[in-house]
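Structural description and commentary
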Amino acid sequence: MKTELLAPAGDIEAGYAAFYYGADAVYLGLNRFSARAEAVNFTRDELDALTAYAHSLNKKVYVALNTLVQEAELPAVLTALQECADCCVDAVIVQDMGIARIVRQHFPSLQLHASTQMAIHNLEGALTLKKWGFSRVVLARELTLREIEAIRDASGLEVEVFIHGALCYSYSGLCQFSSLETTRSANRGKCVYACRNVFRTQDGTSRLFSMKDLALETDVLKLKGCSLKIEGRKKNALYVAAVTHYYRTILDTGKNKIALSDNLKQIFARPWTKLHFNGKNKDTRAPDFAGHRGLIIGQAEKIANHTLTFRPTRAIARYDGIQIDVPGADKPFGFSLEHLKINGRPAFTCPAGQRVDIPLPPHHPFIEKGATVYLASSTAVKGAYPYQKPKPGAFKNRQSVDIDVFITADSVTVCSGETAETVSGAFMPAHTPDKTTASVRAAFDKNKDTPFCIGAFHVHNPDGLFVPTAVLNELRRRFYNALPVQTTSCPTLTAPLLRLNESPNTFFIVKTDQPACLKKLPFDKIGEFLIEITPALTPKALSFLPTDKIRLALPVIFRKSAWLRDKINLLVQCGLNRFEISNFGGLALLPKNADVSYDSFLPVLNTQSFQAALEQGASRITFSVEDTADNIRTLATADARTALIVYQDTPLFLSANCVRPHDCATCDRQEKIESISDKTGSFWLISKPCQTVVTDKRPFSLAADYKTVPAGAYRLDFCLKPYTADQVYDIWQKIQNTQPIPNTFSGNFHKKFA
């Protein structure tokens, strides 16, 4: 593909600004089913207007319908997809495989892009999605340039890569912190950004998981033939204009213009990082602060008599916004420059390098000499990004009609299909017959107030006759009024081919990454042992388990697949051929005849995604731990090929960003577990080499409620933290007796999504 600069459009003004400053395409959300639900987002009319405008510029519009959808929301999804089709959008970006299935069956005009919420991080995942009809994959932000290039070159898919903007601490789509702790699901566009919270650790307090902003700058020049994606659908048109202009300039000139970079930092910026683009990187977090700082323009030289004195490195003016770091404060101290003094005299502006005195607001905090001063808002920069936009109503998607006009001595007739209108009269030869054709076309081009646009247009005037403008205008009005408007209606979903759950043969599944902890369980009462494949797993470690009850679980994340492929081949040779996947890339590693179930990290919240999983070859799906009881029961009642997680140390964060204080060269690569807490609760921080997991100290448990769900299987997980055989047996016994387990929580099971 041709390299594409893709900008965010949280509203229509941002969309116009993006196109004006050089975006090749924009992505946006509608009022529902957008992973940025709190952006302004687009109405149908705004979507139609922006898409028509973009296409007039030979540019593109993609719509993000990239949230997880519950069963009761499917009719609204159909409406949203119909709007996208009617407005001629170029693609929809999806996470939910149910939405993808609906698009393939009912909206073939829409291209499918796989959202970064699907956590595609390897070639195997991209190839699987290509087989299922996706034309583009939005890769996980954590990938290196080498990994991106490998997927781009070998997948045959368009590849979309984030180049700038806010970063999640967790892999996108795999964060369950916000959902399970607050009911505001990141996978449904309502994230509370818990990773920006202050956490207490054994070493004190910090914003342990607060990420810097991604900024690849001139490294984007290494990404040939990709879509270069800027994050920022919650940002305003000024920010979108500045960030688009910055990267358009880099792409066009190959140079980083510091003035444009400074403008962008002033409008909005946390500290910048390139994440892992150029290889493993520890400099990804900003634990001291979370929000907008602005552009550094100096240090405090003197604070006296409620006055700050410093020398700005760039010009400042009255009404600009200043921020200053204050030790111990949760956020910087900010204020507007109401007054400036240079050499004791009032001034409206202060040039760069000039010593300036700025009165501080009353009750300002203590400010240390040497404190960093930021320009957080600049009047000059706000006026530096004007943009043009069309007049309201000037662009909309219209129905194309082919028109033929026939002129004779006593009538003028216009035809299109079965529609025809005639005006009678006496028409004389024209002095310039060629102008008649032009005047006829000009008359019918006056169609901006109609739902039509002209396709093929032919004037048949063999005698070279003249037709007055008044006659043509009357003919045009009658013709456009008579033309039938093509209407579309939402399709009806066909009932999925599910297997009614009348009297399922219910069994228990026990999952672990430490097989020895299972030794005290009654094997005859357990239908399946789900063993996570780790580099340390050997056939000998499984020798005490019944071979016919073993299913092997692939890890959620496997950036390098060679070791996993080898391990799978070894275990298959031992007679094991049942697997569970947590990422779509896993399917490409398994034998063709393998029995494959889907883990909860491949979320199924509606019958369409359930049916999609079955069509993809899944023998069983596992309900998402995020989901609510009513929705789970609806799906469980419909089909027996289901598993309900009853007990689990649920990963809230699953991250490639290390929080260990030392560098990679001195890492002992040993697993560490640490207690941390924030305003919402207490957690385990489980640090493994190059991967960090956070779980609530309270395990997720439905021990007293699971029998209210008619699932085909009930699952107990003993992963991530150490378990003894005695602990596992005790939990097993309590669950058998539907006895509540102390110090556990039930997530959203008894709640509704926010």
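Above this note sits the structure.
Here is a short report on the structure shown in this document.

Cut-off values and rules
- Residues numbered from 1 in each chain as written.
- Predicted model: local features only at pLDDT ≥ 70, side-chain atom pairs only at ≥ 80, totals over all residues.
- Heavy atoms only, no water.
- Phe/Tyr/Trp six-rings, centres within 6.5 Å; stacked < 30°, edge-to-face > 60°.
- Helix = DSSP H or I, 4+ residues; strand = E, 2+ residues; numbered from the N terminus.
- Buried < 20%, exposed > 50% of the residue type's maximum accessible area, 1.4 Å probe, protein only.
- Pairing = 2+ DSSP bridges.
- Axes fitted to C-alpha atoms, helices over the stretch in contact; angles between N-to-C directions.
- Salt bridge = Lys/Arg side-chain N within 4 Å of Asp/Glu carboxyl O.
- Right-handed = clockwise from strand over helix to strand, strands pointing away.
- Contact = heavy atoms within 4.5 Å.
- Polar contact = N/O pair within 3.5 Å; in protein donor to acceptor, adjacent residues only side chain to side chain.
- Core = buried A, V, L, I, M, F, W, Y, C linked by side-chain atoms within 4.5 Å.
- Patch = residues over 30% accessible without salt bridge, like charges linked within 9 Å, V, L, I, M, F, W, Y side chains within 5 Å.
- Areas by Shrake-Rupley, 256 points an atom, 1.4 Å probe, with all protein chains shown as cover.
- Lys, Arg positive; Asp, Glu negative; His and termini not counted.
- Charge placed at Lys NZ, Arg CZ, Asp CG, Glu CD.

Aromatic rings in a pair are described by how distant their centres are and how their planes are angled relative to each other. In the structure shown here, the tally under the stated rule is 34 aromatic pairs. Where F177 meets F199, the ring centres are 6.3 Å apart and the plane angle is 85 degrees; that geometry is what we call edge-to-face. In this pair, F177 sits in helix 7 (residues 177-182) while F199 sits in strand 8 (residues 199-201), placing the two residues 22 residues apart along the sequence. Accessibility classification places F177 together with F199 in one group, the buried group.

So, on to the sheet that holds strand 18 (residues 333-336). The sheet built from 4 strands is open, its strands ordered 13-23-17-18 with antiparallel pairing. In this open sheet, the two edge strands, each paired with only one partner strand, are strand 13 (295-299) and strand 18. When the angles between neighbouring strand axes are averaged without regard to direction, this sheet yields 30 degrees. Bridge count for strand 17 (residues 321-324) against strand 23 (residues 372-377) is 4 bridges, and the pairing is antiparallel. Following the sheet pairing, G321 is matched in strand 23 by S377.

On inspection of all chains with the given rule, the structure shows 44 salt bridges. Among the salt bridges present, the one from R565 reaches E124, with a minimum N-O distance of 3.3 Å. Of this pair, R565 sits in helix 13 (residues 562-573) while E124 sits in helix 5 (residues 123-131), and the two are 441 residues apart along the sequence. One connected set of salt bridges, linked through shared partners, spans E528, R551, R578, E580, D595, D599, R620, R715 and D717.

Turning to the pairing of strand 3 (residues 60-65), a few remarks are in order. The element strand 3 is largely enclosed, with a buried count of 5 among its 6 residues. Here strand 2 (residues 25-28) runs beside strand 3; their pairing, made up of 4 bridges, is parallel. Across the sheet, residue Y27 finds its bridge partner in strand 3, namely Y62. In this sheet, strand 4 (residues 91-94) lies alongside strand 3 in parallel orientation, the contact comprising 4 bridges. Note that in strand 4 the partner of L65 across the bridge is V94. In the classification by handedness, the crossover that spans strand 3, the intervening helix 3 (residues 74-86) and the parallel strand 4 is right-handed.

In spatial order, the strands read 26-25-24-27; together these 4 strands make up an open sheet with mixed pairing. Looking along the sheet, the strands with just one partner apiece sit at the ends: strand 26 (419-424) and strand 27 (452-460). The average undirected angle you get between the axes of adjacent strands in this sheet is 20 degrees. Of the pairings in the sheet, the one linking strand 25 (residues 411-416) to strand 26 comprises 6 bridges and is antiparallel in character. Bridge pairing in strand 26 links V412 to V423. Lying on the sheet, helix 11 (residues 433-444) is in contact with strand 24 (399-407), strand 25 and strand 27; it crosses strand 27 at an angle near 160 degrees. Contacting strand 24, strand 25, strand 26 and strand 27, helix 12 (residues 469-482) runs over the sheet at an angle of about 155 degrees to strand 26.

Secondary-structure assignment places Q608 in helix 14 (residues 607-615). Within the structure, Q608 has its side chain in polar contact with the side chain of R101 (distance 2.7 Å).

The next subject is the nonpolar core. Ranked by size, the top nonpolar core spans 171 residues in total, and within it V92 and F209 carry the most contacts. Looking at this core, the element that brings in the most residues is helix 8 (residues 237-253), giving 10 residues. Contact partners of F209, with chain neighbours within four places excluded, come to Y169, C195, F199, F653, V659, I676, L685 and V694. If you look at the next biggest cluster of nonpolar residues, it comprises 23 residues, including F333, L337, C350 and V356.

Here we come to a positive patch on the surface. A cluster of basic residues, R146, K280, K560 and R669, forms a positive patch on the protein surface. Relative to the helices and strands, K560 is located in the loop between strand 30 (550-553) and helix 13. Owing to a relative accessible area of 67%, K560 belongs among the exposed residues under this scheme.

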